[in-house]
Amino acid sequence: MRVILAEDSTLLREGLVRLLAEEGHEVLAAVGDAEQLLAAVEAHTPDVVVTDVRMPPTHTDEGLRAALEIRRRRPEVGVLVLSQYVEKRYATELLTPDPEVPGPQNAGRQGAGQGAGHQGAGQGAGHQGVGYLLKDRVVQVDEFLEALERVGRGRAAFDPEVVRRLLARSSRTDPLSRLTARERDVLGEMAQGHTNGSIAAHLHVSQSAVEKHINAIFDKLGLTGTTGYSRRVLAVLRYLGS
């Protein structure tokens, strides 16, 4: 996989370069600020960009702004954002699709359960993956690499802690509060980017049960008229962040 890294901490940046190279990935560029990141993406053709949220000069949201610009300019490039903290605004902005950007949210309609499960295997050309991980997750090398692979295949990869806090913050809102405990478990697994088969294995239930829960979730959240990928990941999490 062809990767561009943007991280202002030299130690972490060089560590990630070495890790990715050892795993067989090609690091096209490793930069320390958002301006260099945008220039590197224009100069190369990465499969995935991995970027910190806070970078020079103000150390606020330069990396996120660059990630959103990459999504707009280069919708075929997956974006994996790293953050020190769970910041709801950042996750929401990253997840909100740009209506002018072609992508999986504009794909044809699919069945809420079974169709969504099949598409988890991979999205294909032009289908942008997106992810949001806490930096602590990078230390869990296998989890970081799995998230990178998911984003590279056009899927979603969200830190379990990010998902947990988004769900917790929304627990008193309606209609999310209408979800059963099991439906909330399934929604959390979906938000992390897992397929129906993976969710079934994690929760020790049948895949058909997972599909029924997903249909119930979409119905309760009023997402029955949304297309497949948006309904499964982007529209659900955008709703959670509203």
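To be clear, the structure that these remarks concern was listed above.
Here the structure is a predicted model, which is why all the values come from computation and not from measurement.

Engineer: Help me out: how do you make sense of the pattern of salt bridges in this one?
Structural biologist: Where charged atoms from two side chains of opposite charge come close, those side chains can pair. Under the definition given, this model contains 11 salt bridges. Between Glu26 and Arg2 there is a salt bridge whose closest N-O contact spans 3.5 Å. Taken together, the positions of Glu26 in strand 2 (residues 26-31) and Arg2 in strand 1 (residues 2-6) put the pair 24 residues apart, joining distant regions of the chain. For Glu26, a relative accessible area of 42% corresponds to the partly exposed category. By relative accessible area, Arg2 is classed as partly exposed at 30%. Taken together, the shared-partner salt bridges in this structure form one network comprising Glu42, Glu69, Arg72 and Arg73.

Engineer: How should I be thinking about the nonpolar core in this particular structure?
Structural biologist: Side chains of a nonpolar character, in soluble globular proteins, are inclined to be buried together. If you look at the biggest cluster of nonpolar residues, it comprises 30 residues, and the most contacted ones within it are Ile4, Leu37, Val49, Ile70 and Leu94. Residue contacts for Ile70: discarding those within four places in its chain leaves Leu37, Leu38, Val41, Val49, Pro75, Val77 and Val79. Among the nonpolar cores identified, the runner-up in size contains 17 residues, and Val50, Ala147, Leu148 and Val151 belong to it.

Engineer: I keep staring at the environment of Gly193 and nothing clicks. Help me out?
Structural biologist: Considering the arrangement of structural elements, one finds Gly193 in the loop between helix 9 (181-191) and helix 10 (196-203). The sequence separation of Gly193 and Arg155 amounts to 38 residues, and the corresponding C-alpha distance is 6.4 Å. Excluding residues that lie within four positions of it along the chain, Gly193 makes contacts with Arg150, Arg155 and Ala156.

Engineer: Looking at this structure, I do not really get the pairing of strand 3 (residues 48-52). What am I missing?
Structural biologist: Where a strand is regular, its side chains alternate between the two sheet faces. Of all 5 residues in strand 3, 5 are buried, a share of seventy percent or more. Residue alternation in strand 3 divides its side chains into two sets, Val48, Val50 and Asp52 and Val49 and Thr51, and both sets are buried. Direction of pairing for strand 1 relative to strand 3: parallel, over a ladder of 4 bridges. Residue pairing across strands places Ile4 opposite Val49, the latter belonging to strand 3. Note that strand 3 and strand 4 (residues 78-83) share 5 bridges and pair parallel. In the strand pairing of strand 4, Asp52 is matched with Leu82. Since strand 3 and strand 4 lie parallel, the crossover through helix 3 (residues 62-73) that links them has a hand, and here it is right-handed.

Engineer: Mind showing me how you'd approach the sheet that holds strand 5 (residues 130-134) here?
Structural biologist: Spatially, the 6 strands line up as an open sheet ordered 2-1-3-4-5-6, and their pairing is parallel. Only two strands of the sheet have a single neighbouring strand rather than two, namely strand 2 and strand 6 (156-158). This sheet shows a mean twist of 15° between the axes of neighbouring strands, independent of strand direction. When strand 4 meets strand 5, the two strands line up parallel, connected through 5 bridges. Looking at the pairing, Ser83 lines up with Leu134 of strand 5. Contacting strand 1, strand 2 and strand 3, helix 2 (residues 34-43) crosses the sheet at an angle of about 165° to strand 1. Sheet contacts for helix 7 (residues 141-152): strand 1, strand 3, strand 4, strand 5 and strand 6; angle to strand 4, the most-contacted strand, approximately 145°.

Engineer: What am I meant to see in unusual backbone geometry here?
Structural biologist: A negative phi angle characterises most non-glycine residues, just as the trans form characterises most peptide bonds. With an omega of 10°, the peptide bond running from Pro56 to Pro57 counts as cis. Tracing the sequence through the fold places Pro57 in the loop between strand 3 and helix 3. Of note in this structure, His204 is not a glycine but carries a positive phi near 60°. Among the structural elements, His204 can be located in the loop between helix 10 and helix 11 (207-220). For His204, a relative accessible area of 72% puts it in the exposed group.

Definitions and limits used
- Here the residue index of a chain counts from 1 through its sequence in written order.
- Note on the predicted model: pLDDT of at least 70 is required for a residue's local features to be given, and 80 or more for side-chain atom pairs to be given and counted; whole-chain, interface and lining totals, by contrast, use all residues.
- Just so you know, side-chain values use all the structure's heavy atoms and leave hydrogens and water out.
- Each reported salt bridge corresponds to a side-chain nitrogen of Lys or Arg within 4 Å of a carboxyl oxygen of Asp or Glu.
- Starting at the N terminus, helices and strands are each numbered in turn, a helix being any DSSP run of H or I of at least four residues and a strand any DSSP run of E of at least two.
- The classification of residues rests on relative accessible area computed with a 1.4 Å probe and restricted to protein chains. Under 20% of the type maximum is buried, over 50% is exposed, and intermediate values are partly exposed.
- We call a set of buried residues a nonpolar core when its members are Ala, Val, Leu, Ile, Met, Phe, Trp, Tyr or Cys and they connect through side-chain atoms within 4.5 Å of each other.
- The criterion used for residue contact is that any of the two residues' heavy atoms lie within 4.5 Å.
- Pairing between strands requires that DSSP locate at least two bridges from one strand to the other.
- For a crossover, the right-handed case is the one in which the path from the first strand over the helix to the second runs clockwise, viewed with the strands pointing away from the viewer.
- What counts as an axis is a line fitted to C-alpha atoms, over the stretch in contact for a helix, and the angles between N-to-C directions run from 0 to 180 degrees.

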